Amino acid sequence: MKGKLIIFCAPSGTGKTTIIKDLMQRIPELAFSVSATSRQAREGELHGKDYYFLTAEEFKTKIKQDEFLEYEEVYTDQFYGTLNEEVRRLWNQGKHVIFDLDVLGGMNLKKQLQDRVLAIFVKPPSIDELKSRLIGRGTENEESLNKRLGRAEEELSKEKHFDITVVNDNLEKAQEEAYKIVSDFLTQE
């Protein structure tokens, strides 16, 4: 089997993670790519399950050794990226790889492996709805909410760089649409 890559990108609060989890349950040949990061593990996070936790120095060494398909320095010495060996490991298991990436990471990965990639952009029906969802989570203070909304507007401007957009105005409908899109992509030669 020639492994394929499915990238999901979206502003925070769009339901992207819920859509990915639904796909993982419905399509057994999908495997989730664990990203690498140089940030500290949060309580309950496990190395190799949630992220591959590296020091900033280890991350920089792997960059120099060309061990990443894509990476980004989000803040000074805080990196996120996709390891080549992670994708190879999953392909060797006969799986297609699904990613949950930020918009720039998704665009970078798509550029590198164009013929094997489907890049899906998930967006909310409106910024006002996104704001309501983020407030409903109860995890944002006013400063972080404004920061997320500002970033969301920037990310929404990149939608045109993706193969297809799923508007999540109804979760069940968005899940069905994503399932059809991914299933069709996986059956193409």
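Residues numbered from 1 in each chain as written. Predicted model: local features only at pLDDT ≥ 70, side-chain atom pairs only at ≥ 80, totals over all residues. Heavy atoms only, no water.

A. Structural view of the packing of aromatic side chains. In total, this model carries 6 aromatic pairs according to the counting rule given. Relative to Phe53, the ring of Tyr51 has its centre 5.8 Å away and its plane inclined at 55°; by these criteria the two rings are tilted. Each member of the pair, Tyr51 together with Phe53, is buried. In textbook terms, an aromatic cluster arises when at least three aromatic residues are bridged by ring pairs, as seen for Phe59, Phe68, Tyr71 and Phe79. (Phe/Tyr/Trp six-rings, centres within 6.5 Å; stacked < 30°, edge-to-face > 60°. Buried < 20%, exposed > 50% of the residue type's maximum accessible area, 1.4 Å probe, protein only.)

B. Local environment of helix α3 (residues 84-92). Every buried residue of α3 is accounted for by Asn84, Glu86, Val87 and Leu90. For α3, the buried positions fall inside an angular range of 165° around the axis, keeping them on one side. Considering only its buried residues, α3 is in contact with β1 (5-9), β2 (30-32), β4 (52-53), β5 (68-75), β6 (78-83) and β7 (96-101). Positive backbone phi, at 80°, marks Gly94, one or two positions downstream of α3. (Helix = DSSP H or I, 4+ residues; strand = E, 2+ residues; numbered from the N terminus. Arc of directions from axis to C-beta. Contact = heavy atoms within 4.5 Å.)

C. Spatial organisation of the sheet that holds strand β8 (residues 117-123). Strand order in the open sheet formed by 5 strands is β2-β7-β1-β8-β9, and the pairing between neighbours is parallel. Taken across any chain shown, the strands that pair with only one partner, and hence form the sheet edges, are β2 and β9 (164-167). Adjacent strand axes in the sheet meet at a mean angle of 25°, parallel and antiparallel pairs treated alike. Of the strand pairs in this sheet, β1 and β7 are connected by 5 bridges, and their pairing is parallel. Bridge assignment links Cys9 to a residue of β7, and that residue is Leu101. Contacting β1, β2, β7 and β8, helix α1 (residues 16-26) runs over the sheet at an angle of about 165° to β7. (Pairing = 2+ DSSP bridges. Axes fitted to C-alpha atoms, helices over the stretch in contact; angles between N-to-C directions.)

D. Structural context of the pattern of salt bridges. Here the structure, examined in full by the defined rule, presents 15 salt bridges. For Asp22, the salt bridge is made with Arg26, and the minimal N-O distance between the two is 3.1 Å. Linking Asp22 with Arg26, this pair stays in helix α1, spanning 4 residues, or about one helical turn. The partly exposed category is assigned to Arg26, whose relative accessible area is 31%. Among the salt bridges present, the one from Asp163 reaches Lys110, with a minimum N-O distance of 2.9 Å. With a gap of 53 residues between them, Asp163 in the loop between α6 (142-156) and β9 and Lys110 in helix α4 (residues 103-112) connect regions that are remote in the sequence. Asp163 sits in the partly exposed class, given a relative accessible area of 38%. (Salt bridge = Lys/Arg side-chain N within 4 Å of Asp/Glu carboxyl O.)

E. Layout of the layout of surface pockets. The space that makes up the largest pocket amounts to roughly 1600 Å³. The wall of the largest pocket is formed by 46 residues, among which Lys16, Tyr51, Tyr80, Asp100 and Arg148 lie closest to the centre. Of all elements in the fold, only α1, β5, β6, β7, α5 (127-137) and α6 reach the threshold of two or more residues within the lining of the largest pocket. For the lining of the largest pocket, the leading source of residues is α6, giving 7 residues. A per-class count over the lining of the largest pocket returns 15 nonpolar, 12 polar and 19 charged. Of the pockets and cavities examined, the second largest pocket occupies roughly 200 Å³. The dominant element in the lining of the second largest pocket, judged by the number of residues it contributes, is helix α7 (residues 171-187), at 3 residues. Residues belonging to the lining of the second largest pocket are distributed by class as follows: 3 nonpolar, 4 polar and 5 charged. (1 Å grid on protein atoms, 1.4 Å probe; cavity = no way out; pocket = protein on both sides within 12 Å on 5 of 7 lines; lining within 4 Å. Points joined across faces, edges and corners; volume = space filled by probe spheres on them. Nonpolar A, V, L, I, M, F, W, Y, C, P; charged D, E, K, R; others polar.)

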